Amino acid sequence: EAGVTQSPTHLIKTRGQQATLRCSPISGHTSVYWYQQALGLGLQFLLWYDEGEERNRGNFPPRFSGRQFPNYSSELNVNALELEDSALYLCASSLETGRSTGELFFGEGSRLTVL
Amino acid sequence: QQQVKQSPQSLIVQKGGISIINCAYENTAFDYFPWYQQFPGKGPALLIAIRPDVSEKKEGRFTISFNKSAKQFSLHIMDSQPGDSATYFCAASISLQGAQKLVFGQGTRLTINP
């Protein structure tokens, strides 16, 4: 069974540009989470989508946005890129049962570099 | 109140020693406490997890100790090996609106010296 896949693996942009990152969850998983992992920092929660709807977002400005498609894949968009947006962006999926299991399945991430 | 505080930030242990990483939380509504392991260039992967009604869980060389009254939990790695060198994240999970929200600690970079 394929795991969570993310693309692109690496992305280089300049300040002010827009970046689009994509994620395909594990088959059967309806929830997709996005996390930012900047160098030396932990996993900062960005966005959570379930059944096509944004369920929660972390403490990030509105220029971080995304969506979830009917096939449960997801896209993260970062507009007006700033240097501090350089980070590893991790996507995770889970099978929601209405009960906490603590298990998110992570992809290998998309490394965004803003010059 | 949604934070999980993790320490130490980095840890160096000799091969064969015991590695101990500690976490603390405030929100008593958290109902699941997983630990994730992340190797360089990879995404985090679930290592071991515990529910608050259990004080200890052991899987091989990895043990979680949970102190509900102190709102603290820790990961012990016995007989630490160079292959255990990775970044470890504790987390706390809460069920919200029919789905779970996971809050991560800041991570501990563990290095096992041969």
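Residues numbered from 1 in each chain as written. Chains lettered and ligands numbered in written order. Predicted model: local features only at pLDDT ≥ 70, side-chain atom pairs only at ≥ 80, totals over all residues. Heavy atoms only, no water.

**Details of the sheet that holds strand β3 (residues 19-24) of chain A**
Residues and elements named next belong to chain A. Formally: By the convention used here, strands pair only if DSSP detects at least 2 bridges between them. Secondary structure elements are taken from DSSP: a helix is a run of H or I of four residues or more, a strand is a run of E of two residues or more, and numbering for both begins at the N terminus. Helix axes are fitted to C-alpha atoms over the stretch in contact, other axes to C-alpha atoms as well, and angles between N-to-C directions run from 0 to 180 degrees.
Judged by pairing direction, the sheet is antiparallel, and its 4 strands sit side by side in the order β1-β3-β8-β7 without closing on themselves. The open sheet has two edge strands with one neighbour each: β1 (5-7) and β7 (64-68). Within this sheet the neighbouring strands show an average axis-to-axis angle of 15°, counted without direction. Note that β7 and strand β8 (residues 74-78) share 5 bridges and pair antiparallel. Bridged to R67 within β8 is E75.

**A short note on the environment of S19(B)**
Residue and element names in this part refer to chain B. Formally: Only heavy atoms matter for contacts: two residues are in contact if any of them lie within 4.5 Å across the pair. Two N or O atoms form a polar contact when they lie within 3.5 Å of each other; inside protein one atom must be a possible hydrogen donor and the other a possible acceptor, and for residues adjacent in sequence the pair counts only when both atoms belong to side chains.
With respect to the helices, strands and loops of the structure, S19 is situated in strand β3 (residues 19-25). Sequence separation between S19 and I77 is 58 residues, and the spatial gap between their C-alpha atoms is 4.9 Å. When sequence neighbours within four positions are dropped, the list of residues in contact with S19 reads L11, V13, L75, H76, I77, S80, L110 and I112. Within the local environment of S19, its side chain forms a polar contact with the side chain of S80, the two groups lying 2.8 Å apart.

**A few points about a nonpolar patch on the surface**
All names here are of chain B. Note the cut-off: Each patch is built from residues that are more than 30% exposed by relative accessible area and take part in no salt bridge. Like charges join if they lie within 9 Å; nonpolar side chains (Val, Leu, Ile, Met, Phe, Trp, Tyr) join within 5 Å. Computed by Shrake-Rupley with a 1.4 Å probe, the accessible areas treat only the displayed protein chains as cover when residues are assessed. By definition here, a salt bridge exists when the distance from a side-chain nitrogen of Lys or Arg to a carboxyl oxygen of Asp or Glu is within 4 Å. The cut-offs for exposure are 20% and 50% of the maximum accessible area for each residue type, with area from a 1.4 Å probe on protein chains only; residues under the lower value are buried, those over the upper are exposed, and the others partly exposed.
On the surface, I18, I20 and M78 cluster together to form a nonpolar patch covering roughly 240 Å² of accessible area. Mapped onto the elements, I20 comes out in strand β3. By relative accessible area, I20 is classed as partly exposed at 36%.

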